[in-house]
Structures are given as C-alpha cells and as structure tokens.
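An overview of the molecular structure
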Amino acid sequence: MSAGAEVDLVVVGGGVSGLAAAWEGVARGASVLVLEASGRAGGEIVTSPFAGGAVDEAADAFLARVPEGTQLCTELGIEGELVSPATGGACVWTGGALRLLPSEQLLGLPTDLDALAASGILSPAGLDRVREDLKGGGPAGDAGPGRAAGDPPAGDDEAVGDLVRRHLGEEVLDRLVSPLLGGIWAADTDRLSLQVAAPQVAAVRDRVAEHGGSLVAAAAAARADQLAAAAAAGDRPVFLAPRGGMGRLVGTLSERLGDRVRTGSPVTGLVAEGGRWRVEPAGVGAGAVVVATPAHATAPLVAPHAPGAAAFLSGIDHASVTLVSLALPREAVDHPLDGSGFLVPRSSGRLLTACSWFSSKWAHHAGDGSTVLLRASAGRDGDDRQAGLDDDAVMAAVMDDLRETMGLRGAPTEVRVSRWPRSFPQPRPGHLAALAAAEADLADAAPRLAVTGAWARGVGVPACIRGGRSAARRALHIAAT
C-alpha cells in the first residue's frame, strides 16, 4: 500500500491487541492496515525453536474460561489444535523447601484452613492470624457489623496488599497471594490495583458482610459457587494453548490478515485532516485509528489531540522481566517435577521469581523424558536487578537459585535468554477510574481515535483480544456516524 492510500481503519501496533483490532475491522467489512514498528507481528507472544522442539518465550497459554481466546481460535480454524496443561499443581518456595500450594484457595486466598495448615506454607503464628479472620474483621478491630477495619465501600479500589494484610496478615500476602497475583503481573501487590488485577477478589471483599466480616469465609463461598458453575458447564480446562505454542495464534492471525499487516513501519504522528486521519510517516489516510501499543509509546501519539489522556498514559508504570529457557538432562534435576512449576516470594531476596516445569506442564513437550525443559523468570516491579546483568550473569544467577530451590545439578545443554523491558504494566489503585476519565477525554477530543493494550484492563491474552476488538468497534462506529 503506497503513501497517500486511504483505508477505513489504521491500527498502530501489531501485537495481539492490534491484530485483534484489525481482525474485528475486517470482520466488519472495513479496509484495514496494521503498522508495526518491529520486524515481526505478534508483540510479546513468541514461540521459537529450542532443544529440538519449541518454547514460548513469554505467555505459554491463555485463560480458557473467558470466551475471547477460544472464540478467536475458532474463527481462525485452529480450535482443534488447542491443548490444556497436563498438570495443574504448583509449589511455592518457602521455609527452605518447595511446598505444594493447596488447591483449596482463590487466587491465593485460603478457603480451607486444614488444607492450609497441612501445606506447611505458613508458620503457626501465620495460621493463627488467618483464624482471627474467621471471627470477623480480625485483630484490626471492630469496624461494625460484618466489616473489617479499613474495608472501603463496595466497588471502591485499593491495593491488593492492603486488603490481604488487613484480613489475613503478612504471611498469606507474602507466601500465597503475592507469588500468585504478583507473578501474573510481575507486580508489587502493595501497589497493585485490586479491581484490575483481581476482580474476583474484589467481589469477595464486597461480600464479607454476608459472611460475618471474614474474607476466608467469603472466599470459600465464592469458590464453592465457581466449582458448582464449572460442574454444571462440564469438565473444561482452565488454560489452553495451541499445540504449536502461543506463536501459532498470532502467526495464524497475521497470516489471515495477509498484506494488511506491514512490519518495519513505525508511526511517529497522527494528523487530523478534515474529519479523517493522516498517519505519518506512512502518509496513509484513515477514517479511524486504533493505537494498540504500550502506554509509553501511545502517549506521544495521543498528546497533540487529548493531553489529559496522554498524561494518564505517560503515568502508567511498567516492570521489566527476563525469561531464561533451559534444557537439561533428566538426571541433572533431583526434583520429581510433578507439577507445573513453582513461585518464589519477594521476601526470599532471590533473583528468581518463578520457574515453569515446561516439559511436565505440556505433555507434547515431554518427548522421551530424557530432557527437561524449564522456563525461569526474573524481574518484577521494584526489583530490576536482572536488567543490569548481561545474559551470562543472569543465567548464572538463575542457575544458582535453581540449584538451591529444586536440586538442579549439572549444566544445561541449551539456554535462551529472552528480555522483555517495560513489558508488564502496573495498574495502581484507582486505575479504572483514571482510565475512564482518560477515555472520556479522548472520546471528546478525538472521537475517531481509540487506544487499547495490556495497560488498559489486563495483561492476559483474552483481555488484550477483547480490548482490541472493542477499540476497533468503537472507532469504526464513530467514524461511520
């Protein structure tokens, strides 16, 4: 497509959000062009050859119990390739050992104190602190019938850490909730929005009054409801991924979009011209634009048109993560690897934040069992040590941590270090209210311009797909009126 060409919709950014926006535009009969600055589409979803097979260098699955991921796979004709993890059990490193996380929990909130005690994850004092919650409100004091001291009004936002610490104490936060939720977001839960990162937990908090002020009791009731709903819906997996890796999803999507995707095409400016947009430096005209890039890249494109929205985008913090993939002989690992992997609390002081036992988690990567594939992560909000180390130093530090945590012996036969700088947005408390104000500012100042990305409402693949498709619908609808 040459300079001066005209299309209905230009999408800036060829990650999964941008590709989903383009797919939605095509489905609605629009002429679409995707401009991606890098040399490939797919953004942070990458599957690459490794150790005679393939490994995902970032996300290795998507949540199956929300519809957007599976729906898109069906539309692309690859739903028959979807597989679920072979095992779901995970561990946490605490007290000098790997301890199995109890299945009786809701995003780290314990729902069965006997199972929690049997896990060995909490100390006796930590267990006593959780038992206090069952009395309603815990030792923080009486805040009135059915409320813990400090619980905000229903629907209000707060930091995940504030809620958990108030009801259940420091150990549950450090050893259960933060490794799980903080691992998903590479986050510091003391600065992580409850509404964005854990809406399920926010809903549980808002129902504590129905359960005598106990977060544990409210979480147990919510988990029982979830199990009943899952049973009624049939046995469905929690996570899915294409057998060929997550790269299969974005690769197929890009292939289906064909020459509508132009890589190596950075966008430096959006110029409003007579009810349309000119996208520079490509010189392409468009009736509507969706910008689906990281918040810090989106802000300067939006700033000339909606300064308030741009200020919000510029203020979103991001964490950087490094993922080290390793192949090792099976005899080099002492641990039975009977689960999906393990998490490492921030309080451990280790560089390692998590390790996925990739060849155990995914049966089609197991091979003949002679080689073990691991994916080890480092980096989170407030801990950027890995960014200051070269690849050899990162690998050496990760190997040291793996030796201490899971009995790793010997040297890997193959290693890949994948760096993702400023890749995990960090929604702070109040994020959704600020986002709504920014979107209103943008809709008023530049109604044919929509923005989306993992920074908006969630880092998961389905959330990004939902955001991209919604942005395309919004921009095209306004452009047509």
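What counts, and where the lines are drawn
Residue indices follow the written sequence of each chain, beginning from 1 at its first position. This being a predicted model, a pLDDT of at least 70 is required before a residue's local features are given, and a value of 80 or more before pairs of side-chain atoms are given or counted; all residues contribute to the totals for chains, interfaces and linings. Hydrogens and water are ignored here; the side-chain numbers use all heavy atoms of the structure. Helix and strand assignments come from DSSP, with helices taken as H or I runs of at least 4 residues and strands as E runs of at least 2, each series counted from the N terminus. Taken over C-alpha atoms, the radius of gyration is set against a globule rule of 2.2 Å times the number of residues to the power 0.38. Only protein chains enter the accessibility calculation, which uses a 1.4 Å probe. A residue is then buried if its area is under 20% of the maximum for its type, exposed if over 50%, and partly exposed in between. Note on definitions: a residue-residue contact is assigned when non-hydrogen atoms from the two residues lie within 4.5 Å. Residue-level accessible areas treat just the shown protein chains as cover; the underlying method is Shrake-Rupley with a 1.4 Å probe. Each pair of strands is called paired provided DSSP finds at least two bridges between the two strands. Between the N-to-C directions of two axes lies an angle of 0 to 180 degrees, each axis being a line fitted to C-alpha atoms and, for a helix, fitted only over the stretch in contact. Patch definition: residues with relative accessible area over 30% and no salt bridge; like charges joined within 9 Å; nonpolar side chains (Val, Leu, Ile, Met, Phe, Trp, Tyr) joined within 5 Å. Here, a salt bridge means any Lys or Arg side-chain nitrogen found within 4 Å of an Asp or Glu carboxyl oxygen. Centre distance within 6.5 Å is the pairing criterion for rings of Phe, Tyr and Trp, where only the six-membered ring of Trp is used; planes under 30 degrees apart are then read as stacked, over 60 as edge-to-face, and the remainder as tilted. Multiplying one less than the number of residues by 1.5 Å gives the expected span of a helix. Two axes are fitted around each residue, one to the seven residues ending there and one to the seven starting there, and the angle between them is reported as the bend at that residue. Detection works on a 1 Å grid of protein atoms alone, calling trapped sets that fit a 1.4 Å probe cavities and calling open sets with protein on both sides within 12 Å along at least five of seven lines pockets, with lining residues defined by an atom within 4 Å of a point. Grid points are joined across faces, edges and corners, and a volume is the space filled by probe spheres set on the points. Gly is placed with the polar residues, together with every amino acid not listed as nonpolar (Ala, Val, Leu, Ile, Met, Phe, Trp, Tyr, Cys and Pro) or charged (Asp, Glu, Lys and Arg). Grouping buried Ala, Val, Leu, Ile, Met, Phe, Trp, Tyr and Cys residues that are joined through side-chain atoms within 4.5 Å yields what is termed a nonpolar core. Pairs of N or O atoms are called polar contacts if they sit within 3.5 Å, as long as, within protein, a hydrogen donor faces a hydrogen acceptor (for residues adjacent in sequence, only side-chain-to-side-chain pairs).

Secondary structure summary: the protein contains 17 helices and 21 strands in total. For the protein, the C-alpha radius of gyration of 23 Å lies close to 23 Å, the compact-globule estimate for 481 residues. Here the C-alpha coordinates of the protein stretch approximately 70 × 60 × 45 Å along the principal axes. Sorting the 481 residues of the protein into buried and exposed places 52% on the buried side. Contacts spanning at least 24 positions in sequence make up 73% of the contacts within the protein whose residues lie at least 6 apart. Accessible surface, the protein: about 19000 Å² in total, of which carbon and sulfur atoms supply 53%.

Before going further, it helps to examine the sheet that holds strand β19 (residues 371-378). Working definition: the strands of a sheet are paired by backbone hydrogen bonds and lie parallel or antiparallel to each other. Across the sheet, which stays open at both edges, the 7 strands sit in the order β8-β7-β17-β18-β19-β16-β20 with mixed pairing between neighbours. The outermost strands of the open sheet, each flanked by one partner alone, are β8 (97-100) and β20 (414-426). If you compare each strand with its neighbour and ignore which way they point, the axes differ by 25° on average. Sheet analysis places strand β17 (residues 341-343) next to strand β18 (residues 352-356), joined by 3 bridges and oriented antiparallel.

Turning to a nonpolar patch on the surface, a few remarks are in order. Nonpolar side chains collect at one region of the surface, where Leu63, Val238 and Phe239 lie side by side and expose about 220 Å² of accessible area between them. Following the sequence through the fold, Val238 ends up in the loop between α9 (215-233) and β11 (239-242).

Quick look at the packing of aromatic side chains now. For any pair of aromatic rings, the description rests on two quantities: the centre-to-centre distance and the angle between the ring planes. If you walk through the whole model with that rule in mind, you get 1 aromatic pair. Plain terms: the ring middles of Phe342 and Trp357 are 6.1 Å apart, the flat faces sit at 50° to each other, and that makes the pair tilted. Of this pair, Phe342 sits in strand β17 while Trp357 sits in the loop between β18 and α13 (358-361), and the two are 15 residues apart along the sequence. As far as the burial class goes, Phe342 and Trp357 line up, both buried.

Moving on, we come to helix α6 (residues 170-185). Compared with an ideal rise of 1.5 Å per residue, which puts 16 residues at 22 Å, α6 spans 20 Å between its outermost C-alpha atoms and falls more than 12% short. Of all the bends in α6, the largest measures some 50° and sits at Ser178, one to four residues before the proline Pro179. By the burial criterion, the buried members of α6 are Glu171, Val172, Leu173, Asp174, Leu176, Val177, Ser178, Pro179, Leu181, Gly182 and Trp185. Of the residues one or two after α6, Ala186 is the one with positive phi, at around 50°.

A separate point is the layout of surface pockets. In this structure, the second largest pocket spans a volume of roughly 190 Å³. For the lining of the second largest pocket, a count of residues per class yields 5 nonpolar, 3 polar and 7 charged.

What follows is about the sheet that holds strand β5 (residues 62-63). Read across the sheet, 3 strands follow the order β5-β11-β6 without closing on themselves; strand pairing throughout is antiparallel. Of all strands in the sheet, those bounded by a partner on one side alone are β5 and β6 (82-83). As paired elements, β6 and β11 share 2 bridges and run antiparallel to each other. Within β11, the position partnered with Val83 by the bridge is Ala241.

Before going further, it helps to examine the pattern of salt bridges. Going through the model one piece at a time under the given rule, you end up with 30 salt bridges. A salt bridge links Lys361 to Asp60, with the nearest nitrogen and oxygen atoms 3.0 Å apart. With Lys361 in helix α13 and Asp60 in the loop between β4 (53-56) and β5, this residue pair connects regions lying 301 residues apart in the sequence. Asp60 carries the same exposure label as Lys361, and that label is buried. As a salt-bridge pair, Glu210 and Arg207 come within 3.0 Å of each other at their nearest N and O atoms. When salt bridges that share partners are traced, they join Glu24, Arg28, Glu75, Arg469 and Arg473 into one network.

Turning our attention to the nonpolar core. As a rule of thumb, soluble globular proteins bury nonpolar side chains together. Counting residues in each nonpolar core, the largest one holds 47 residues, and the members touching the most others are Leu9, Val11, Leu249, Val290 and Val461. Top contributing element to this core by residue count: helix α17 (residues 461-480), with 7 residues. Setting aside chain neighbours within four positions, we find Leu249 in contact with Leu72, Cys73, Leu76, Ile78, Pro242 and Val461. Grouped together as the second largest cluster of nonpolar side chains are 37 residues, Ile121, Leu168, Val204 and Val208 included.

Turning our eyes to something else, we now look at the side chain of Ser48. The residue Ser48 is located in strand β3 (residues 47-50) in this model. Residue classification places Ser48 among the buried positions, given a relative accessible area of 10%. Within the structure, the side chain of Ser48 is placed 2.6 Å from the side chain of Glu57, a separation counted as a polar contact. Contacts of Ser48, omitting those with residues within four sequence positions, involve Gly53, Ala54, Val55, Glu57 and Arg416.

A separate point is the pairing of β4. Bridging between β3 and β4 involves 4 bridges; their strand directions are antiparallel. Paired with Pro49 across the two strands is Ala54, which belongs to β4. Counted between consecutive antiparallel strands, the loop separating β3 from β4 contains 2 residues, among which Ala51 sits at a positive phi close to 50°.

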